[in-house]
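# Remarks on the overall topology
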Amino acid sequence: MSATPFPAGPIQRCQGRAVVVAGDDIDTDRIIPARYLKCVTFDGLAEGVFADDRSERAGDHPFDRAENQGAAILVVNRNFGCGSSREHAPQALMRWGLRAVIGESFAEIFFGNCLALGIPCLSADHDAVLALQAAIGAHPGAVLQLDLEPPRVRLDAGSEVLEWPLTLAAGPRRMLVSGEWNGTAQLVAHDGELRATASRLPYLNNFAAA
Amino acid sequence: MSAGTLYDKVWELHRVADLPGGATQLFIGLHLIHEVTSPQAFAALDDLGLTVRHPERTVATVDHIVPTTSQARPFADPLAEAMLATLEGNCARHGITLHGLGSGRQGIVHVIAPELGLTQPGMTVACGDSHTSTHGAFGAIAFGIGTSQVRDVLASQSLAMGKLKVRRIRVDGALQSGVYAKDLVLHVIRTLGVKGGVGYAYEFAGPAIEALSMEERMTLCNMAIEGGARCGYVNPDAVTFAYLKGRPHAPSGDAWERAVAWWSSLASGPEASFDDEVVFDAATIAPTITWGITPGQAIGVDETVPTLEQTESDERPIAEEAYRYMDLRPGAPIEGVPVDVCFIGSCTNGRLSDLRAAAAVARGRQVAAGIKAFVVPGSEQVAAEAEAEGLDAVFRAAGFEWREPGCSMCLAMNPDRLEGRQISASSSNRNFKGRQGSATGRTLLMSPAMVAAAAVSGHVADVRRLVAVPTTPQPEPASTRA
Ligand code: SF4
């Protein structure tokens, strides 16, 4: 479990060890099986992260290996986080200690849920992700340096520093870097605009002709 | 970039402001909540000292955790009881209508909102559940959201969102008898892939779509998300209006005519342009069934489990994982695969027409020895209507259990679940590993009629051989309900 505080304020970089969970289409049912959703707070979710995959692999799952304990960056492949919209999935990953995810691609709802928690999901192409995963495997315990501006990741391999460019759409990047990713206050502040919108919606106005 | 589509029109109308991060603040016309994804959102609202902006546009029900055998309170499972009690408390505190157990209106959130007439064309609909895409059947823009966004919608009746691209999925021709919307959507997902729709809204159009009933359109849009599309929709038409007329929350009196005029104006016109278009021929689609661990791993019931050689190279790792997990042999026919459990229900296929189609197969037959088969109506209203038609008796006589409404074995948050390596024939929407409650349990997704065919045969069977399926659509369920 994580000792670092949950994300807050502007997020420009992330530094830490990486944990690789290889495979495409890893869905949120696998990240946090449904039985862990029976809760009224998110507090205990770290225990359930990848619970079924971990018991299937009896201690050999990346999340159970000693060298990965305390990792801050998750490295995955294609379409990570597909399936259910449960925010319990990024919550569980965050509570386990993760602060950023790098992968080939992400399911949209998962990406948005991570963004709302201040967890950047950055992409790289297939070959780059495979190379990054291989480099992490070859240098267990190496620290990754992840930057959002410009988006890139560096791995200090001792004799050399390996670097890969990453992508993160401009909108989410600005939100994270500026600290505006937790935008409830901003939405609420647009009171006049919200009223104006409601007043022009036919179904809120007895379908009166506009 | 798309222009002139229903999606573009509805988006523009609900646009509140442009946000500094580049996203749009979008007004949400209808916010549906349930016991699983709302408690933390209400807690966050309290932390921020905020209140619910539009309690009258927020509607709650309880579905995921309710037992389907006995719904007496308190539930045997204290966690489930705590979740419902929390929802009840939050709704009471904020003045939100909760359609609770025994109210006559409780049910799966994506079943009750349409049947109450809450879901209407031209609305934006959000719910902390990915199958919110269901409501797109009415020509609404409807999508699932996470708990942080549930908090945002409670607080501001809006959320931050990026605009999607629009792909038109045009389906020509007509579905064969014995082939349903479920088969059509599994076929679309099989063809375009589970990631094919990422970044898109799917507009379903063409003669085969126009011929679908509202309930079938809901099945179709429900599973858009399984193809990666966060929302799917069908342009509103006479079928939509006929379904809505007379429902409790539908407009009435003079407002009805004005509503129909406005709704009609929203449909994508001939001038509309799309980011992409894909064309299907409905007549070539067979009853379709999944063999693997994603909804895209689907084949016609008369096909064989694809071999690695028949699989695109980037799909091979997940195919190999599926062979191992499902214990199905590549190249073997799917028809004849024995099943242990047969489940008819869920927000995909738990409506009256689904139960009618399954009952037509079950009528006068018996569930095969050793098979557990059960039917879970999608809502209290569906249950009442089915019972009024005697469908419960048909199922019971055939050896099915007839249960109380809820999400049931669609996901493992209530007592209904697979055990060990059991394999199910299921009318639900996800065949992910462990989805139905056992870490090694296996799921074959198919239409409700196909589930009934599997139940009476003891194995996967082609429903087209079991019954002369009616070719003329039956009338929609009664639209008026007090
Ligand atoms: S029936 Fe299944 S998919 Fe639908 S809301 Fe319930 S759990 Fe979700």
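Parameters at a glance
Residues numbered from 1 in each chain as written. Chains lettered and ligands numbered in written order. Predicted model: local features only at pLDDT ≥ 70, side-chain atom pairs only at ≥ 80, totals over all residues. Heavy atoms only, no water. Phe/Tyr/Trp six-rings, centres within 6.5 Å; stacked < 30°, edge-to-face > 60°. Buried < 20%, exposed > 50% of the residue type's maximum accessible area, 1.4 Å probe, protein only. Lys NZ or Arg CZ within 6 Å of the ring centre and 35° of its normal. Domains from an automatic or database assignment. Contact = heavy atoms within 4.5 Å. Buried area = accessible area lost by both parts, 1.4 Å probe. Salt bridge = Lys/Arg side-chain N within 4 Å of Asp/Glu carboxyl O. Polar contact = N/O pair within 3.5 Å; in protein donor to acceptor, adjacent residues only side chain to side chain. Pairing = 2+ DSSP bridges. Helix = DSSP H or I, 4+ residues; strand = E, 2+ residues; numbered from the N terminus. Axes fitted to C-alpha atoms, helices over the stretch in contact; angles between N-to-C directions. Near = heavy atom within 4 Å. Nonpolar A, V, L, I, M, F, W, Y, C, P; charged D, E, K, R; others polar.

Right, let's talk about the packing of aromatic side chains for a bit. Applying the stated rule across the entire model yields 15 aromatic pairs over all chains. For the ring pair Trp-256 of chain B and Trp-263 of chain B, a centre distance of 5.6 Å and an interplane angle of 85 degrees mean the geometry is edge-to-face. Each member of the pair, Trp-256 of chain B as well as Trp-263 of chain B, is classed as buried. An aromatic cluster is defined as three or more aromatic residues linked by ring pairs; in this entry it consists of Tyr-203 and Phe-207 of chain A together with Phe-241, Trp-256, Trp-262 and Trp-263 of chain B. The ring of Phe-75 of chain B carries the charged tip of Arg-73 of chain B above its face, separated from the ring centre by 5.4 Å.

By a widely used convention, the size of an interface equals the accessible area lost when the partners come together. Residues and elements named next belong to chain B. For chain B, the assigned domains are domain 1 (6–276) and domain 2 (289–465). Distance between the C-alpha centres of domain 1 and domain 2: 24 Å. Taken together, the 45 residues of domain 1 in the interface contact 48 residues of domain 2. Both sides of the domain 1 and domain 2 interface together cover about 3,400 Å² of buried area, and 54% of this is carbon and sulfur. For the pair domain 1 and domain 2, the number of links is 2 salt bridges. Here Arg-430 and Glu-226 are joined by a salt bridge, their closest N and O atoms 2.8 Å apart. Our enumeration of links across domain 1 and domain 2 arrives at 27 residue pairs in polar contact (both at pLDDT 80 or more).

All names here are of chain B. Overall, parallel pairing links the 5 strands, which are arranged S5-S4-S3-S6-S7 in an open sheet. Two strands bound the open sheet, and with one partner strand each, they are strand S5 (97–99) and strand S7 (141–144). For this sheet, the mean inter-axis angle between neighbouring strands, taken without regard to orientation, is 20 degrees. Across 3 bridges, the pairing between strand S4 (residues 58–61) and S5 is parallel.

Most of helix H8 (residues 214–222) of chain B sits inside the fold, with 8 of its 9 residues counted as buried. For H8 of chain B, the complete set of buried residues consists of Met-214, Glu-215, Arg-217, Met-218, Thr-219, Leu-220, Cys-221 and Asn-222 of chain B.

Right, let's get into the site of the ligand. All names here are of chain B. In the vicinity of the ligand, the contacting residues are His-64, Ile-108, His-110, Asp-129, His-131, Ser-346, Cys-347, Cys-407, Cys-410, Leu-411, Asn-429 and Arg-435. Residue composition of the shell around the ligand, by class: 5 nonpolar, 5 polar and 2 charged. Looking at which domains feed residues into the shell around the ligand, each of domain 1 (6–276) and domain 2 (289–465) gives three or more.

Strands sit in the order S1-S2-S8 (chain B) across an open sheet of 3 strands; the sheet is antiparallel. Only two strands of the sheet have a single neighbouring strand rather than two, namely strand S1 (15–18) and strand S8 (158–161) of chain B. Neighbour-to-neighbour, the strand axes of this sheet turn through a mean angle of 25 degrees, independent of strand direction. Note: strand S2 (residues 24–27) of chain B against S8 of chain B, 4 bridges, orientation antiparallel. Bridging across to S8 of chain B, Gln-25 of chain B finds its partner in Ala-160 of chain B. Across the sheet, helix H8 (residues 191–200) of chain A lies against S1, S2 and S8 of chain B, angled at about 150 degrees from S1 of chain B, the strand it touches most.

Attention now moves to the domain arrangement of chain A. We note that the domain assignment places domain 1 (13–178) and domain 2 (180–210) within chain A. Using C-alpha coordinates to define each centre, domain 1 of chain A is positioned 35 Å away from domain 2 of chain A.

What follows concerns unusual backbone geometry. The amide bond that connects Glu-149 of chain A to the next residue, Pro-150 of chain A, takes the cis arrangement and shows omega of -5 degrees. Assignment of secondary structure puts Pro-150 of chain A in the loop between strand S5 (143–148) and strand S6 (151–156). Between Arg-73 of chain B and the following residue, Pro-74 of chain B, the backbone shows a cis peptide bond with an omega angle of -10 degrees. Examined against the element boundaries, Pro-74 of chain B turns out to sit in the loop between S4 and helix H3 (78–94). In the Ramachandran plot, Phe-50 of chain A falls in the positive-phi region, its phi being about 55 degrees despite a non-glycine side chain. Its place among the elements puts Phe-50 of chain A in the loop between helix H1 (28–31) and helix H2 (51–56). Positive phi outside glycine occurs at Ser-346 of chain B, with the angle close to 90 degrees. Within the element layout of this structure, Ser-346 of chain B appears in helix H12 (residues 346–349). Ser-346 of chain B gets classed as buried once you look at its relative accessible area, which sits at 0%.

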